[in-house]
Amino acid sequence: MAHQTDPTSMDTEVRGARNASFDDLLQILERDQDAKIDLVAPASAISAVDGNLTVTGMEPVLTPSGVTQADGAYRPTAVADEGIADKLKIPTAYLRRMRAEAVDLYDLNVNGWLQKDPTRRFLLRAFKGEPGVLRAWLSDGYKIIDHLDMLTAVLAGIEESGHPVKITGADLTERRMIVRVESEHVEALAPELLRGYRSPFTGQSGDQLPIVSAGFVLTNSEVGSGKYAITPRIVVRVCGNGMTITKDAFGKVHLGARMDQGIVRFSEDTQEKNLALITAQTRDAVATFMNRDYVERKLADIQREAGREITSPTEAVELVAKQLRFSDSVRESVFSHFIRGGQTTAGGIMQAITATAQTLDDGDAAYELETQALSAMAIAAAA
C-alpha cells in the first residue's frame, strides 16, 4: 500500500510514497510540479534567519499561472542542509547539531561563510509557501531533470520499444524517485538459483515456481542524490525479490552549463532535447534488458557463485554486514530471512538481503540495500 505525506502540512518534509501505484505516483508528481520554484542566487542575496534561508532581490517572473516571486523564507530539509554543509565546507554533523541545539550558531556560521564570497552563486530548489521548503542547495552547474519529465520520457521510450511491461511499484523520497518496471512476457527458468528456497512472505517453494522475470528500475534525483539511471533488474517470481545489476546501468549525471541568475526557466527546445535523449536511452534499455538472452546470461553469472554452501550462517551474515556496513537492525533482519528462506548458500544470503529490502519503510534504504545484494553474495561465496 502506498503511504503519502499530507500535502497541506509539508513543513520541512517533502511529499513522498512507498510502494505506490503508478497512478498515485503521477498524482503526487503533478501536484509537486505546480509548487516547485528553482532559482539561481548569489551568496549576497541569501541569509540565514532563525534557521530559515531568506532570499532577497530576485526579480519576479510572469508564468502561465501568474507572477512568481522568489523572494522569501525557505525552511531547509535535511537534504538541503547536507547541500549547505557541502558547499560552504561546514561539517554536516556540526550543522545538524547547531540546527537542533543552537540555531543562532547555525545562522552565524552560514552567514559568515556566505559573506566570504558574496558573488558565488547557488541553485536553490524549493517548494513555494509561507515559509517555503528548501529541498536542495546545489551548484549553479547542476543539470535539472525533473521526475515528471523523466517519467514522461521513459514511458514514451517504452511505448516506442513496443514491449509490454507493467510498473510494479514506485517510491518517492526526499532524495529520489524509484520506479520498478517488469516485463509481462520475458521470463526464464532458474532452478539452480531457487533450489531449496522458500518465500519468507508466502512459504511457497522456489522448486515449485523456479521462474524469474526481466525488468529494470528507473531512478532519478532532483536534489543531487544521484544520477538519472535505468538499471536492469531480475525479479524472482515466487517472492518478488529483485536482483539489481548496477554495473550494466544506463545513466547520466546531472551536470550542465552554468545557469543565469534568477528564477530558472527552460526553453521548449532545451526541454525537448533533454527528454528526447531519455526517451532514446529508455528504448535502448528495453531492447537490451527485456531480452531472454540477457536474462539467461546474467543468471549464468549469478548461479556460478549462488550455489556455494554456507557452513556458518552467523559468521557469513556478520562478515557481509561488516563489509557492507549494515545497521544492526538490517543485519538481524537479513539473518532472520536467511534462516526462514532455508537456502544455506551464498544465493540464500542474496535472497535474504533482497527480501529484507522489501520490508523496509524507507524507500532510499530499500533501494540501496537491494543494490548491494549481488556484492553480498560474492562476499559470502568467497569466505
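Turning next to the side chain of Asp-140. Among the secondary structure elements, Asp-140 is positioned in the loop between β9 (132-139) and α5 (147-161). Its relative accessible area of 6% is what places Asp-140 among the buried residues.

A word on the pattern of salt bridges. In total, this model carries 23 salt bridges according to the counting rule given. With a closest N to O distance of 2.9 Å, Asp-86 and Lys-87 form a salt bridge. A salt bridge links Asp-328 to Arg-331, with the nearest nitrogen and oxygen atoms 3.5 Å apart. Residue Asp-328 and its partner Arg-331 are both found in helix α10 (residues 328-341); the two are separated by three residues, about one turn of the helix. Residue classification places Asp-328 among the exposed positions, given a relative accessible area of 52%. Each of Lys-36, Asp-38, Arg-125, Arg-135, Asp-146 and Glu-222 takes part in salt bridges that share partners, so that together they form one network.

Per-residue pLDDT for the protein averages 89, and the proportion of residues at 70 or more is 90%. Here strand β16 (residues 262-263) is the element of the protein with the lowest mean pLDDT, 50, and helix α4 (residues 103-116) is the one with the highest, 98. Counting contacts from residues 1-12, a segment whose pLDDT is below 50, to residues more than four positions away or on other chains yields 30 contacts.

Turning to the packing of aromatic side chains, a few remarks are in order. Tallied over the entire structure, the rule returns three aromatic pairs. Summarising the aromatic geometry, the rings of Phe-250 and Phe-289 are spaced 5.5 Å apart at their centres and angled 75 degrees between planes, so their arrangement reads as edge-to-face. With a gap of 39 residues between them, Phe-250 in strand β15 (residues 250-252) and Phe-289 in helix α7 (residues 268-289) connect regions that are remote in the sequence. For Phe-289, a relative accessible area of 2% gives the class buried.

What counts, and where the lines are drawn
Residues numbered from 1 in each chain as written. Predicted model: local features only at pLDDT ≥ 70, side-chain atom pairs only at ≥ 80, totals over all residues. Heavy atoms only, no water. Helix = DSSP H or I, 4+ residues; strand = E, 2+ residues; numbered from the N terminus. Buried < 20%, exposed > 50% of the residue type's maximum accessible area, 1.4 Å probe, protein only. Salt bridge = Lys/Arg side-chain N within 4 Å of Asp/Glu carboxyl O. pLDDT = per-residue confidence, 0-100. Contact = heavy atoms within 4.5 Å. Phe/Tyr/Trp six-rings, centres within 6.5 Å; stacked < 30°, edge-to-face > 60°.

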